[in-house]
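These are the residues of each chain, in order.
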Amino acid sequence: MTILTTIHDWIVSVTGFDPDNVIRGFQTGPRPDDDYATYYILSVVDHDYSSYQKRDLGVDDNIEVLYSSPKELLVTVDIYALNGHALMSALGQSNDLLATRLLFNAEQLVLLPGGGNASSLTGLGDTEWRDRYNGTFTIGAYGELTEENQKILSVYLEGDLGGLESVIETGG
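Report follows, based on the coordinates. What you see is a predicted model; the values in this text were computed from it and never measured.

Bringing unusual backbone geometry into the picture now. With the exception of glycine, most residues fall at negative phi, and the peptide bonds are largely trans. With a phi close to 55°, Asp61 is a non-glycine residue in the positive phi region. The backbone of Gln108 shows a phi angle near 55°, a positive value even though the residue is not glycine. The residue Gln108 is located in the loop between helix 3 (98–105) and strand 5 (110–111) in this model.

Below, the structure written as structure tokens:
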């Protein structure tokens, strides 16, 4: 799965909409005549720190380093339905549901509380006066980078230390 697939499946599971009636934003093509939702990722905010884990690969003194950096995704959802306000509230509360937590956890995501404050956008834009509600949700995620590198087996330093020539050597 991907993050976009997870978001899609979450909206389907909470709203009860047909999967074809949950559409990633800015897609071309006709919109459904019955109730539907659109979604897209507004922004991804990367935190300025990473944790890392090293794993010995056991070959030629190689190691693998995995860097994990937390990030927050802001996802906007539009619901075109008479009960859009209630559905938006349900999306916001759905982090209490085991099914939602399992869905997000499978992709190492978490739906953060406080989302889904529904704003009515009925009558704005080209909605043909359909009832339309908008909400923004924050999803916690991790970005990961991996590199393979060599272990540092020895260190050799040479220089002047307080007027004395010094050499420091460690390892093999």
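Before going further, it helps to spend a moment on the side chain of Ser69. On the secondary structure map, Ser69 appears in strand 4 (residues 62–80). Within the structure, Ser69 has its side chain in polar contact with the backbone oxygen of His47 (distance 3.5 Å). Polar side-chain contacts of Ser69 include one of 3.2 Å to the backbone oxygen of Tyr49. If sequence neighbours within four positions are ignored, Ser69 has contacts with His47, Tyr49, Ser50, Ala141, Tyr142 and Gly143.

Next up on the list: the packing of helix 1 (residues 3–15) against helix 2 (residues 84–93). As a packed pair, helix 1 and helix 2 sit with axes 9 Å apart at the nearest point and diverge in direction by 120°. As judged from the angle between their axes, helix 1 and helix 2 are oblique. Like other packed secondary-structure pairs, helix 1 and helix 2 cross with a definite hand, here right-handed. Residues Trp10, Ile11, Val14 and Thr15 of helix 1 pack against Leu87, Ala90 and Leu91 of helix 2. Its residues placed into classes, the contact of helix 1 with helix 2 shows 6 nonpolar, 1 polar and no charged.

It is worth spelling out the side chain of Asn95 at this point. Tracing the backbone shows Asn95 in the loop between helix 2 and helix 3. The contact partners of Asn95, leaving out residues within four places of it in the chain, are Thr100, Arg101, Leu111, Leu112 and Pro113.

Reading the values: rules and limits
- Think of each chain on its own: its residues are numbered from 1, step by step along the sequence as written.
- Side-chain atom pairs in this predicted model are given and counted only at pLDDT of 80 or more, local residue features only at pLDDT of at least 70, and totals for whole chains, interfaces and linings cover all residues.
- Excluded from the side-chain calculation are hydrogens and water; included are all heavy atoms of the structure.
- Numbering goes from the N terminus for both helices and strands, where a helix is a DSSP run of H or I of at least four residues and a strand is a run of E of at least two.
- Under the rule applied, a polar contact is a pair of N or O atoms within 3.5 Å (in protein, one hydrogen donor and one hydrogen acceptor; residues adjacent in sequence only if both atoms are side-chain atoms).
- Here, residues are in contact when the closest pair of their heavy atoms is within 4.5 Å.
- Between N-to-C directions, angles cover 0 to 180 degrees, with each direction set by a line fitted to C-alpha atoms, over the stretch in contact for helices.
- Throughout this description, any angle smaller than 35 degrees is read as roughly parallel, any larger than 145 degrees as roughly antiparallel, any in the 65 to 115 degree range as roughly perpendicular, and the remainder as oblique.
- In a left-handed crossing the near helix is turned counterclockwise from the far helix by less than a right angle, and in a right-handed crossing that turn is clockwise.
- Each residue is assigned to one class: nonpolar for Ala, Val, Leu, Ile, Met, Phe, Trp, Tyr, Cys and Pro, charged for Asp, Glu, Lys and Arg, and polar for all the others, Gly among them.

Keep in mind that these numbers describe shape and distance, not what the molecule does.
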